[in-house]
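Chain and residue survey
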Amino acid sequence: MILQNMAVAAFKVGALASADQVQPIAAILADYDSVPVVLDPKFGASQDDDADSELAAALRELLVPQASVVSISLMLARRLLSLANDDEERSHDLPATACARELIAWGTEFVLLTDAEPGSPQAMAALYDESGLVRSDALPRLDAPSTRLLGVSDTLSAALAGLLAHGLDVPQACHEACQYTAAAVVHAFNAGIGVAIPDRLFWAGDDDDDDDSSGDLN
């Protein structure tokens, strides 16, 4: 109904529960092939390797070739390649460049790999196209190792889709999406007693805070 009644300037495809959900989404995207698509796949929630393998195969055949950008962590990229190729040993330690190259060979134009340099002081987001590394941006890591953040990748891919919808090219959109996500992470908060989540509305602070003579940023 939305597509029939208003113009849509970008698609974001996030977590899918099964391979059965891929085909109808792929059919919609095929009807709007001029609209940019950000694909942010997830794996592991089902605890079922066979189901995950079927989902990986469906993504490889139907959604990755229609994606403008595949936005995925290096860890999940290795998992996706392992499932799709049925080769866990080869994919386990693949470097970021090799993962991006293989995903691009599946048909996507760009790959945005997050945490592309595990163990580095900052979480690097590296953008690749068929020629190699296009640009890299840094996302902050939390100081406390015990602190868990939920929704960072979703925030990044949603911001990226929104910026593409506004007409930015992919490298600039990735840069600005990383800047936005970094600020949202810095302002992360705990919702009740749950895990911390990025504050996507950090820019819309309380007016009282703006007038605070202390000058602290909130």
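So, here's what we can say about the structure.

Basis of the calculations
Residues numbered from 1 in each chain as written. Predicted model: local features only at pLDDT ≥ 70, side-chain atom pairs only at ≥ 80, totals over all residues. Heavy atoms only, no water. Axes fitted to C-alpha atoms, helices over the stretch in contact; angles between N-to-C directions. Helix = DSSP H or I, 4+ residues; strand = E, 2+ residues; numbered from the N terminus. Parallel < 35°, antiparallel > 145°, perpendicular 65-115°, else oblique. Left-handed = near helix turned anticlockwise from the far one by under 90°. Contact = heavy atoms within 4.5 Å. Nonpolar A, V, L, I, M, F, W, Y, C, P; charged D, E, K, R; others polar. Pairing = 2+ DSSP bridges. Expected span 1.5 Å × (residues − 1). Phe/Tyr/Trp six-rings, centres within 6.5 Å; stacked < 30°, edge-to-face > 60°. Core = buried A, V, L, I, M, F, W, Y, C linked by side-chain atoms within 4.5 Å. Buried < 20%, exposed > 50% of the residue type's maximum accessible area, 1.4 Å probe, protein only.

Looking now at the packing of helix α7 (residues 152-165) against helix α8 (residues 170-186). One can describe the packing of α7 onto α8 by two numbers: an axis separation of 8 Å at closest approach and a directional angle of 140°. In this view, α7 runs oblique relative to α8, as classed from their interaxial angle. The chirality of how α7 crosses α8 is right-handed. Contact with α7, carried on its side by Val152, Thr155, Leu156, Ala159, Leu160, Leu163 and Leu164, involves Val170, Ala173, Cys174, Glu176, Ala177, Cys178, Tyr180, Thr181, Ala184 and Val185 of α8 and no other residues of that element. Its residues assigned to classes, the contact of α7 with α8 comprises 14 nonpolar, two polar and one charged.

To continue, consider the sheet that holds strand β3 (residues 69-73). The mixed open sheet is built from six strands, whose spatial order is β1-β2-β3-β4-β5-β6. A single partner strand is all that each edge strand has here, and the edge strands are β1 (11-13) and β6 (132-139). Strand-to-strand twist of the sheet, defined as the mean angle between neighbouring strand axes without regard to direction, takes the value 15°. Direction of pairing for β3 relative to strand β4 (residues 110-114): parallel, over a ladder of five bridges.

Moving on to the packing of helix α2 (residues 22-31) against helix α3 (residues 49-63). The N-to-C vectors of α2 and α3 enclose an angle of 10°; their axes lie 10 Å apart at closest approach. As far as their axial angle goes, α3 and α2 are roughly parallel. Considering how the two elements wind past one another, α2 and α3 form a crossing that is right-handed. Along the contact surface, α2 presents Val22, Gln23, Ile25, Ala26 and Leu29, while α3 presents Leu55, Ala58, Leu59, Leu62 and Leu63. Looking at side-chain class alone, the contact of α2 with α3 contains nine nonpolar, one polar and no charged residues.

Moving on, we come to helix α4 (residues 74-85). Taking 1.5 Å per residue as the helical rise, α4 with its 12 residues ought to reach 16 Å, and the 16 Å between its terminal C-alpha atoms agrees with that figure. On its buried face, α4 is in contact with α3, β3, α5 (88-91), α6 (96-105) and β4. Aspartate 86, located one to two residues past α4, shows a positive phi value of around 50°.

It is worth spelling out the packing of aromatic side chains at this point. The full count for this structure, using the stated rule, is two aromatic pairs. Aromatic side chains tyrosine 180 and phenylalanine 202 sit 5.6 Å apart centroid to centroid with 40° between the ring planes, which places their arrangement in the tilted category. Taken together, the residues tyrosine 180 in helix α8 and phenylalanine 202 in the loop between β8 (196-197) and α9 (207-210) connect sequence positions 22 residues apart.

Right, let's talk about the nonpolar core for a bit. Residues Leu59, Leu63 and Leu113 are the most contacted members of the largest nonpolar core, which totals 38 residues. Residues within four places of leucine 113 in sequence aside, it is in contact with Ile72, Ser73, Leu74, Ala77, Ala96, Cys99, Ala100, Met124, Ala125, Ala126 and Tyr128.

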